[in-house]
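Each chain, letter by letter, is given below.
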Amino acid sequence: MSFVERRKAKRVEAELAITISGGGGEAEGRTIDISSNGVSFESPRLIDPLTKVRLEMAVPFPAGEGERRILFDGVVVRTEPEVEDPSVALYRIAVFFTYMDAESQHTLDEYIESMLSA
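Every chain's residues receive numbers from 1 upward, in the order its sequence appears when written. Reporting in this predicted model follows two pLDDT cut-offs: at least 70 for local features of residues, and 80 or more for side-chain atom pairs to be given and counted; totals over whole chains, interfaces and linings ignore these cut-offs and use all residues. Excluding hydrogens and water, the side-chain values take into account all heavy atoms of the structure.

Q: Would you take a moment to explain the pairing of strand E4 (residues 38-43) for this structure?
A: Side-chain positions along a regular strand alternate between the two faces of the sheet. Most of E4 sits inside the fold, with 5 of its 6 residues counted as buried. Between any two strands, at least two bridges found by DSSP are needed for them to pair. Strands here are runs of E lasting at least two residues and helices are runs of H or I lasting at least four, both read from the DSSP assignment and numbered beginning at the N terminus. Two elements, strand E3 (residues 26-34) and E4, share 4 bridges in a ladder whose sense is antiparallel. Across the sheet, the residue bridging to Ile34 is Val39, located in E4. The hairpin formed by E3 and E4 contains 3 residues between the paired strands. Burial classes follow relative accessibility: with a 1.4 Å probe on protein chains only, a residue under 20% of its type's maximum area counts as buried, one over 50% as exposed, and anything between as partly exposed.

Here it is in structure tokens:
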């Protein structure tokens, strides 16, 4: 059986600080990878699939000139593991973006392009 890539947007590996609000609380995490359509990250808190979340992320300016903060809304599409487990320190969570203002989208697109051309 062969694997067919269903993602439409280019995805880049990125380890960025992210704050997650929703699903009954707030948590800090680190991104694993990101695209213009979604993000996957590690979080110490389990967030169930289909949970609506608000995320804030610090994206570095090109050439190390500081950072910009972007905000976006999304819905959790995958959580690994899927159930709370006391032995798990970090859950891997994937979020599909449902809303992002134009400025945040532009900032994210610039960041992704800079990572692809690096």
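Past the structure itself, the notes keep going.
Q: What's the story with the nonpolar core in this structure? I'm lost.
A: Within soluble globular proteins, side chains that are nonpolar tend to cluster in buried spots. Put simply, a nonpolar core is a bunch of buried Ala, Val, Leu, Ile, Met, Phe, Trp, Tyr and Cys residues held in one set by side-chain atoms that sit within 4.5 Å of each other. Counting 25 residues, the largest nonpolar core has Ile34, Met57 and Phe72 as its most contacted members. Within the residue set of this core, elements represented by two or more residues are strand E2 (17-21), E4, strand E5 (52-60), strand E6 (67-80), strand E7 (91-99) and helix H1 (102-117).

Any functional reading would require information that these geometric values do not contain.
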